[in-house]
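Fold and contact review
So the chains spell out like this:
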Amino acid sequence: MHNAEAKIKRIVIVGGGTAGWLAANHLAADASEGVTITLVESPNIPTIGVGEGTVPVIVDSLKKFGIHESDMFRLCDATFKNGIHFVGWNKPVNGQPHCYFHPFDDPNVNGVNLLPYWLHQLPEARARFDQSVSIQTHIALENRAPKLITNAEYERLINYAFHLDAGKFSALLAKHAIDNRQVKHIHDDVESVELALDGSISGLQLKQGPLLEGDLFIDCSGFQSLLLGKALNTPFIDKSDVLFANHAVVTQVPYEREQEVPPYTISTAQQAGWIWDIGLQTRKGVGHVYSDRFTSHEQAHRDLSAYLGKSEDVVESRLIKMQVGYRAQAWVKNCIGIGLSQGFVEPLEATGLLVFDLAARMLSKRLPEQRDDMPAVAQQFNQHMSHVWQSIVDFIKLHYCISNRDDSEFWRMNRAPETIPDSLQHKLALWQNDIPNEYDFVNSLDVFRLENHLYVLYGMNYPSRCKYPSPQKVSQQEAMLKLVAQQQQKAGAMLETHSKLVAKAARYGFQRI
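The following paragraphs examine the structure supplied in this document. This one's a predicted model, so the numbers in the text were calculated from it and none came from an experiment. (Residues numbered from 1 in each chain as written. Predicted model: local features only at pLDDT ≥ 70, side-chain atom pairs only at ≥ 80, totals over all residues. Heavy atoms only, no water.)

Turning to the side chain of Q136, a few remarks are in order. Relative to the assigned elements, Q136 resides in helix α6 (residues 135-141). Relative accessible area serves as the criterion here: at 0%, Q136 is assigned to the buried category. Setting aside chain neighbours within four positions, we find Q136 in contact with N82, P103, F104, D105, I158 and N159. (Helix = DSSP H or I, 4+ residues; strand = E, 2+ residues; numbered from the N terminus. Buried < 20%, exposed > 50% of the residue type's maximum accessible area, 1.4 Å probe, protein only. Contact = heavy atoms within 4.5 Å.)

Below, the structure written as structure tokens:
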């Protein structure tokens, strides 16, 4: 029989921002009756606010919360995201920057794997892998939107995500949680953390208010990791020896004239990192992610300015120092870290919001009702999050270690075997002798799966050996490639330009479900 006093009734979230309010909405949507959720955030600590790219799972979360898709465009300056356009991640080709596209659609068409046929085409005669097998690449690079104004909210003709203003998105999540999910909101600073005799957290001493007691605490306090890191002394696993990028200089660029906003993130490689370029409705968010081991902050600012085509004296940028790695345990005692307090790697492939959302979703689906249930749930949560982080580190490293760039020490060191995790080296060895298949990704927590790896590997011309397909399969694959080409043309003709749809969505909204 459970003890009524051991029930988890009070959940306290420390820190707002996207991580805190995502957690609040997930927990409020799934929590049992009688559970109260309180979010306390400092009025004096601004959010970092640069996570402006998402992946398609955010669509499912917003739908679950009951947030209208139309409000994303009206209130968050949102645009659509069809994927990521990578520029310069390999050596130039015929004097032109190397580029490839990582879309959200599946490269296997009607269950037919087109990679063997593509690999056996003559390199000089074949189109890029993504252009051959993806409908989404075609519509994205034609600046087409992924749906129609006549579609209902969150109805997908093709998988998509959003670009958004992180600050406005946090505000929308906050308003929804407070107004519709009865989440309590406190503006105050946490002066100290009170621990119980067993080492768990019993309460938070606020600067302006009384002791805030709780049964379960969620640490969304950012890089300072106020609860998980400082109060509970949870070790940090540093991954800067694998992923070198540990700083970013960021800026916001208003549009000087009316222009077509690309429905994709642009990721342009640099001498010691890369630059993101994300177009919102009224401005761009641009940031140079780099390693201070291989370049200076001043040079990074100059590179950012050069990318924008502006004088370095004109561009105002903000410097962000990043802790690359993750906590050894995401759940300790009665405290769970979500967001930057738990871990962070560079935001290539929109990893930031992806992990925030995944961790909050996972917690909400396995939220213990009793304190006695907590150890078993915490053990599973920690195992899951450890796997998530390890697989993400491998996938991000993949972008660097298979590059053939040798124009700087940064790129050469990224290929050094001692900087590549054993798990990734094993996969790369397998994929040299044969192409990847679904059995290489059997864990449901592999957040980047077969299709993601295919687009990166063969976008960067990874040298896989592959058996030549049988005549029957060749015929089948040729037919599917022709079908893709037909569907590309059909979709391009049917879908309107991205900017036109975004303007309609902001003005009229989509049909509500």
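Following the structure, the description resumes.
Residues L62, M72, F162, I218 and Y458 are the most contacted members of the largest nonpolar core, which totals 130 residues. Those residues within four positions of L62 in sequence are excluded, and the remaining contacts are I67, M72, Y154, F162, F169 and L173. Counting 14 residues, the second largest nonpolar core, distinct from the first, contains V14, L212, L226 and L227. (Core = buried A, V, L, I, M, F, W, Y, C linked by side-chain atoms within 4.5 Å.)

Moving on: the sheet that holds strand β10 (residues 211-213). One open sheet accounts for three strands, arranged β8-β9-β10; its pairing is antiparallel. The outermost strands of the open sheet, each flanked by one partner alone, are β8 (190-195) and β10. Strand after strand, the sheet turns through a mean of 25° between neighbouring axes, direction not considered. Judged from the five bridges that link them, β8 and strand β9 (residues 201-206) form a sheet pairing that is antiparallel. Note that in β9 the partner of S192 across the bridge is Q205. (Pairing = 2+ DSSP bridges. Axes fitted to C-alpha atoms, helices over the stretch in contact; angles between N-to-C directions.)

Axis separation between helix α10 (residues 351-365) and helix α11 (residues 374-401) bottoms out at 11 Å; the angle between their running directions is 165°. It follows from the interaxial angle that α10 and α11 lie roughly antiparallel. Viewed along their axes, α10 and α11 form a crossing whose handedness is right-handed. Between α10 and α11, the residues in contact are T351, V355, L358, A359, M362 and L363 and F381, H384, M385, V388, W389, I392 and I396, respectively. Each residue belonging to the contact of α10 with α11 can be placed in one class, and the counts come to 11 nonpolar, two polar and no charged. (Parallel < 35°, antiparallel > 145°, perpendicular 65-115°, else oblique. Left-handed = near helix turned anticlockwise from the far one by under 90°. Nonpolar A, V, L, I, M, F, W, Y, C, P; charged D, E, K, R; others polar.)

Moving on, we come to unusual backbone geometry. With phi around 50°, N94 is a residue other than glycine that occupies positive phi space. By secondary structure assignment, the location of N94 is in the loop between β4 (83-87) and β5 (99-103). Among the residues examined, N94 registers a relative accessible area of 77% and is labelled exposed. A positive phi angle, near 55°, is found at N233, a position not held by glycine. Of note, N233 is situated in the loop between α8 (226-231) and β12 (236-238). A relative accessible area of 61% places N233 in the exposed class.

Our next topic: the sheet that holds β12. Spatial strand order, β12-β18-β21: three strands in an open sheet with antiparallel pairing. The open sheet has two edge strands, β12 and β21 (343-344), and neither has a second partner. Here strand β18 (residues 325-327) runs beside β21; their pairing, made up of two bridges, is antiparallel. Among the inter-strand pairings, G325 is bridged to a residue of β21, identified as F344.

Before going further, it helps to examine the packing of aromatic side chains. Under the definition given, this model contains 27 aromatic pairs. With centroids separated by 5.1 Å and ring planes inclined at 90°, the aromatic side chains of F80 and Y160 adopt a geometry described as edge-to-face. Here the residue F80 occupies a position in strand β3 (residues 79-81), and Y160 occupies one in the loop between α6 and β6 (161-163), the gap between them amounting to 80 residues. Residue classification places F80 among the buried positions, given a relative accessible area of 0%. Look at F395 and F448: their rings are 4.3 Å apart centre to centre, the planes differ by 20°, and that puts the pair in the stacked class. Remark: F448 occurs in the loop between α13 (422-433) and α14 (450-459) and F395 occurs in helix α11; sequence separation between them is 53 residues. Here the two residues F395 and F448 agree in accessibility, since each one is buried. Clustering of aromatic rings is evident, with ring pairs tying together F86, W89, Y100, F244, F294, Y400, F410 and W411. A cation over an aromatic ring shows up here: R293 above the ring of F244, its NZ or CZ 5.2 Å from the ring centre. A cation sits over an aromatic face here: K397 above F244, 4.7 Å from the ring centre. (Phe/Tyr/Trp six-rings, centres within 6.5 Å; stacked < 30°, edge-to-face > 60°. Lys NZ or Arg CZ within 6 Å of the ring centre and 35° of its normal.)

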